[in-house]
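Here is how the chains run, residue by residue.
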Amino acid sequence: MKKKQSLLLLEDVYGLGKKGQIAQAKPGYFRNFLLPKKQAVIADKHTLRMQERLKKEREERAKIDRQESEKTKEKLLALTLTVTVKTDPEGRMYGSVNTNEILSLLEKEGISIEKHAIKLQKPIKTLGVHHIPLLLKEEVTASCKLIVDPEEKELKEALAKKAQEQEAAKDELPEDEDSNPNG
């Protein structure tokens, strides 16, 4: 097994580190991914001189990113997304709502974030209101509300009627026990 190389990051690399940091990566990852994209160089005595300059640039960028993330957070807190899905007659969803669909809904609203910023534990498989956790740049946490509605109008009405019947049945249950002549 080959040992990891010390690298100086020229850009923020998700899962590895921030611009100006020294990071460890496997040679194949460096050679095949980071080097062609010019995201890192091998850390030696010559490139380490760049580190201070890169750190200063990173700090300045971090301030700007935090301000942008705070503005985006405010927009997200006030935002309610709605997605319409296909369901069976009982109201169970065919499929699920995943990260890609949420990302698409956010882009339609004019909010651009990275896919990995959506911290959904698993795809959404139920109708109703869901809160979507987000982790924006510079560790700013936010959330938005997502309403999952059934596609068919008749199903919406049937589900509302079923909910009303269940409420009515709960109210009538104690009366039925008292009116039983065998009890």
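About the criteria used
Residues numbered from 1 in each chain as written. Predicted model: local features only at pLDDT ≥ 70, side-chain atom pairs only at ≥ 80, totals over all residues. Heavy atoms only, no water. pLDDT = per-residue confidence, 0-100. Helix = DSSP H or I, 4+ residues; strand = E, 2+ residues; numbered from the N terminus. Buried < 20%, exposed > 50% of the residue type's maximum accessible area, 1.4 Å probe, protein only. Salt bridge = Lys/Arg side-chain N within 4 Å of Asp/Glu carboxyl O. Pairing = 2+ DSSP bridges. Axes fitted to C-alpha atoms, helices over the stretch in contact; angles between N-to-C directions. Contact = heavy atoms within 4.5 Å.

Asker: Could you clarify how one ought to interpret the confidence of the model for the protein in this entry?
Answerer: Caution is warranted with low-pLDDT regions, since their predicted coordinates should not be read in detail. Taken over all residues, the pLDDT of the protein has a mean of 84, while the share at 70 or more is 87%. Element-level pLDDT for the protein is lowest in helix H4 (residues 153-178), with a mean of 64, against a maximum mean of 94 in helix H3 (residues 99-108).

Asker: Quick question: what am I supposed to make of unusual backbone geometry here?
Answerer: For residues that are not glycine, phi is negative in most cases, and the peptide bond is trans in most cases. Positive phi outside glycine occurs at Lys38, with the angle close to 55°. Mapped onto the elements of the fold, Lys38 is located in the loop between helix H1 (27-34) and strand S3 (40-42). By relative accessible area, which is 62% here, Lys38 ends up exposed. Its identity as a non-glycine residue notwithstanding, Glu138 has a phi of 60°, on the positive side. Within the secondary structure, Glu138 sits in the loop between strand S5 (128-135) and strand S6 (141-150).

Asker: I'm lost on the pattern of salt bridges in this one. Help?
Answerer: In a structure, side chains of opposite charge can pair up when their charged atoms sit close to one another. One pass over the full model with this rule turns up 9 salt bridges. Its salt-bridge partner being Glu90, residue Arg92 comes within 3.3 Å of it at the nearest N-O pair. Classification of Arg92 as exposed rests on a relative accessible area of 52%. Taken together, the salt bridges that share partners define one network made up of Asp12, Arg58 and Glu138.

Asker: Explanation requested: the sheet that holds S6 in the structure shown.
Answerer: Sheet strands pair via backbone hydrogen bonds, and the direction of the pair is either parallel or antiparallel. Ordered by their spatial adjacency, 3 strands build an open sheet running S4-S6-S5, and the pairing between neighbours is mixed. The strands lining the two open edges of the sheet, one partner per strand, are strand S4 (80-85) and S5. Across the sheet, the mean angle from the axis of one strand to that of its neighbour is 30°, orientation sign disregarded. Of the strands in this sheet, S5 and S6 are in contact with helix H2 (residues 48-77), which crosses S6 at around 30°. Running at roughly 125° to S4, H3 makes contact with S4, S5 and S6 of the sheet.

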